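# Structural overview for review
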Amino acid sequence: MSIGTFSLPALPYAYNALEPSISRQIMELHHSKHHQAYVTNLNNALKTYSTAITANDVPSQIALQAAIKFNGGGHINHSLFWRNLSPSSSADADPASAPTLAAEIDKTWGSLDGFKEAMGKALLGLQGSGWGWLVKDGNTLRIVTTKDQDPVVGGEVPILGIDMWEHAYYLQYHNGKAAYVENIWKVINWATAEERFKGDREDAFKILKAAL
Amino acid sequence: MSSSLLRTTPLLRAGLRARAAKPLAAMATTSFTRGKATLPDLPYDYGALEPYISGQIMELHHSKHHQTYVNGFNAAVEALAEAEAKGDAKTAAAQAPLLNFHGGGHVNHSLFWENLAPNGKGGGGEPEGKLLTAINQDFGSFENLKKQTNAALAGIQGSGWAWIVKDKASGNLTLVTRANQDPVTGNFEPLLGIDAWEHAYYLQYQNRKAEYFSAIWDVINWGTVAKRFGQ
C-alpha cells in the first residue's frame, strides 16, 4: 500500500509579522519545531501503519491509532491555525472582512464582543493542553473545545481555532494566558473565517491536502 | 513537612500547618469549611536548582502556577460546601472536575517540590538501600528506571505527569502517567513525580523536552523517595 507523505506548510506571513501579539520566537518554534514534529511523527506512524495493514497485523494497527490521532490532529490543527492568523495591520485582520459570518455571530452571541467573551471563557476553562474552536454545525455556530491535539471531527466545519497549549504563548505571556487570549483577537484572519464559514468541511481541509 | 503529612489531604495539611498544636481528630472534624489550602514554602531557593531548572521557571511555577491551583481548589471546595448546604446536588456534582483539576494540581506540585533538591545538597546521585534493591528488582537497574521514565514522559500526549509509584497491595514499584493534573490515587502510593507540563521547562528548554527530562535526574531528592517508599 502506498501512502502519501505530509510536509510542513509554509506560513503565509513572516515569523515576526504577528508582533506584538505573538512574538517572533514563539512563531518560529511553534511552526518550525512543534508543527514539524507532528508532521514527522505522523509520517512515521502512517508508514508503520501501512506495514501493519499489509501484514494483516490488527493489534499493531490498533496500537498505532493513538499516535496517528495525536500527530495527525497536531498537523491538522496547526495547518488550520496558521491561516486563522494575519498581521494586525492587514485588511484580513479587520472583522469587516467577515460580513456574512459577523451577521451569524450577532445572531448567536448578540455581538462580536459577546462571541469573544464566550470564546475567551471556553479557552481559559481548558484543563491542560487543548484548543478552542468556532465551528459551523449544519447552519448553526458553536464554540467547542478539544483536548490535546484532538481535531474537530464529525460533521462540523472548523472556522476559527485558537491554540491553548502553553507552547503557543508561554515564552511571552508566561502564566498570563488571559492576556494571550486578549491579544490574539488583534491578529485573527477574518477573511479566512469568512471563507470557511461560506464553504464546507472539504474546503476547510484543502490546505491539508495541499501539504500532501 | 514530613512524608506522612503529605499523604493526608491538602485541606487537612493546611489545617495542620495553621494550627499544628491542635490534636488531629479535632482538626479533621472542624477544619473542612474554615481550613483553606495554602501554598507550601519551597524547601530551597528559586535559583537553587540551576542550571538544571532555571530560577525563573521555579519562581513562576511555584508562586504563580501552584498558587492558582491552591486558589482554584479553595474556590471549588467553597462552592461545594455552599451547594451541599443548600441541598443543591447538581451544583455540587459540577464541582467534581474543578476539585480534581485544582486539587490534583495542589497535591501534585506539593509532592513535586519535595522530590527535588539542589544538586549535591540532597539532589542527584543515586537511590540507596532498600529503595535501590526494589528498583533493581522491579526495573532491572537504576539506569533502566530512568530510561523507562524518560520514555513515558516523552510519550505523554499533552499536559501531564509521570510517577514512580508503590503498589500498596504488592509493594512493587511501577511507572504510571497521569493526564493534566489527575492525581495518583487508589492503590498507588506516589513516590516520585515529574512534571511534564510545558510550563515546567519551556522557558529554558523550549521544544527540547528530552533535555529537561534528562537533566532533572541531577536534582532528584532520593531521600524523599526513600522516605515515601517506607525506608
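Residues numbered from 1 in each chain as written. Chains lettered and ligands numbered in written order. Predicted model: local features only at pLDDT ≥ 70, side-chain atom pairs only at ≥ 80, totals over all residues.

Turning next to the overall build of chain A. Check the secondary structure of chain A and you find nine helices and three strands. Counted from the first residue to the last, chain A has its helices and strands arranged as α-α-α-α-β-β-β-α-α-α-α-α. Scaling as 2.2 N^0.38, a compact globule of 212 residues should have a C-alpha radius of gyration of about 17 Å, and chain A matches this with 18 Å. The dimensions of chain A, computed from C-alpha atoms along their principal axes, are 55 × 40 × 30 Å. The buried share among the 212 residues of chain A stands at 37%. (Helix = DSSP H or I, 4+ residues; strand = E, 2+ residues; numbered from the N terminus. Rg over C-alpha atoms; globule rule 2.2 N^0.38 Å. Buried ≥ 20, exposed ≤ 12 C-beta atoms within 10 Å, placed from the backbone.)

What follows covers unusual backbone geometry. Note: most residues except glycine have negative phi, and most peptide bonds are trans. Across the junction of A:Glu19 and A:Pro20, the peptide omega takes the value 0 degrees, indicating a cis bond. If you trace the backbone, A:Pro20 turns up in the segment before helix 1 (24-54). Each neighbour pair has its own omega, and for B:Glu50 with B:Pro51 the value is 0 degrees, a cis peptide bond. By the secondary structure assignment, B:Pro51 is in the loop between helix 3 (24-34) and helix 4 (55-85). Notably, A:Asp148 is not glycine yet its phi reads approximately 50 degrees, a positive angle. Tracing the chain through its elements places A:Asp148 in the loop between strand 2 (140-147) and strand 3 (157-163). A tally of 21 C-beta atoms within 10 Å means that A:Asp148 is categorised as buried.

All names here are of chain A. Strand order in the open sheet formed by three strands is 2-1-3, with antiparallel pairing between adjacent strands. At either end of the open sheet lies a strand with only one pairing partner, and these are strand 2 and strand 3. When strand polarity is set aside, the average angle formed by the axes of neighbouring strands in this sheet is 25 degrees. Pairing analysis gives eight bridges linking strand 1 (residues 130-137) to strand 2, with the strands arranged antiparallel. Residue pairing in the sheet places Gly 130 in a bridge with Lys 147 of strand 2. Contacts from helix 2 (residues 58-83) reach strand 1 and strand 3, with the element oriented near 90 degrees to strand 3. (Pairing = 2+ DSSP bridges. Axes fitted to C-alpha atoms, helices over the stretch in contact; angles between N-to-C directions. Contact = placed C-beta atoms within 7 Å.)

On to the interface of chain B and chain A, then. Counting from both sides, the interface comprises 17 residues of chain B and, opposite them, 16 residues of chain A. No other element matches the three residues that helix 4 of chain B contributes to the side of chain B that touches chain A. In terms of residue class, the side of chain B that touches chain A is built from seven nonpolar, eight polar and two charged. (Nonpolar A, V, L, I, M, F, W, Y, C, P; charged D, E, K, R; others polar.)

This part is about the UniProt feature "domain: Manganese/iron superoxide dismutase N-terminal" (unreviewed entry) in chain A. Listed under "domain: Manganese/iron superoxide dismutase N-terminal" (unreviewed entry) in the UniProt record, and renumbered for this structure, are residues 5-86 of chain A. From the first C-alpha to the last, residues 5-86 of chain A spans 28 Å; its make-up is 70% helix and 0% strand. (UniProt positions renumbered as here; feature names shortened; annotations may be inferred.)

UniProt marks residues 100-196 of chain A with the feature "domain: Manganese/iron superoxide dismutase C-terminal" (unreviewed entry), using the numbering shown here. Between the end C-alpha atoms of residues 100-196 of chain A there is a gap of 11 Å, over a span that is 43% helix and 24% strand.

All names here are of chain B. Among the residues of helix 7 (residues 129-139), those classed as buried are Leu 131, Ala 134 and Ile 135. The buried side chains of helix 7 occupy one side of the element, clustering within an arc of 100 degrees when seen end-on. Exposed side of helix 7, more than 90 degrees from the buried face: Gly 129, Lys 130, Thr 133 and Gln 137 are the residues found there. Buried residues along helix 7 sit against helix 8 (142-154), strand 2 (173-179) and helix 11 (222-229). (Arc of directions from axis to C-beta.)

Quick look at the domain arrangement of chain B now. All names here are of chain B. Considered domain by domain, chain B is made up of domain 1 (3-33 + 41-46 + 53-115) and domain 2 (129-229). Residue-level contacts link 17 residues of domain 1 with 21 residues of domain 2. The dominant element in the side of domain 1 that touches domain 2, judged by the number of residues it contributes, is helix 6 (residues 96-115), at 10 residues. (Domains from an automatic or database assignment.)

Let's shift gears to the UniProt feature "domain: Manganese/iron superoxide dismutase N-terminal" (unreviewed entry) in chain B. The UniProt record annotates "domain: Manganese/iron superoxide dismutase N-terminal" (unreviewed entry) at residues 38-117 of chain B. Across residues 38-117 of chain B one finds 71% helix and 0% strand; the C-alpha atoms that close the span lie 21 Å apart.

Residue and element names in this part refer to chain B. Read across the open sheet, the three strands follow the order 2-1-3; overall the sheet is antiparallel. Looking at the sheet topology across the chains shown, the edges are occupied by strand 2 and strand 3 (188-195). Adjacent strand axes in the sheet meet at a mean angle of 30 degrees, parallel and antiparallel pairs treated alike. Strand direction decides the pairing type here: strand 1 (residues 160-167) and strand 2, joined by seven bridges, are antiparallel. Its bridge partner lying in strand 2, Ile 164 is registered against Leu 175. The strands that helix 6 touches are strand 1 and strand 3; relative to strand 3, the one it contacts most, it runs at about 75 degrees.

All names here are of chain A. Two elements in contact, helix 4 (residues 112-124) and helix 6 (residues 177-184), have axes whose closest approach is 10 Å; the angle formed by their N-to-C orientations is 145 degrees. Classified by chirality, the crossing of helix 6 by helix 4 is right-handed. Contacts between helix 4 and helix 6 involve Gly 120, Leu 123 and Leu 124 from the first element and Lys 177, Ala 178 and Val 181 from the second. Of the residues assigned to the contact of helix 4 with helix 6, the class counts are four nonpolar, one polar and one charged. (Left-handed = near helix turned anticlockwise from the far one by under 90°.)

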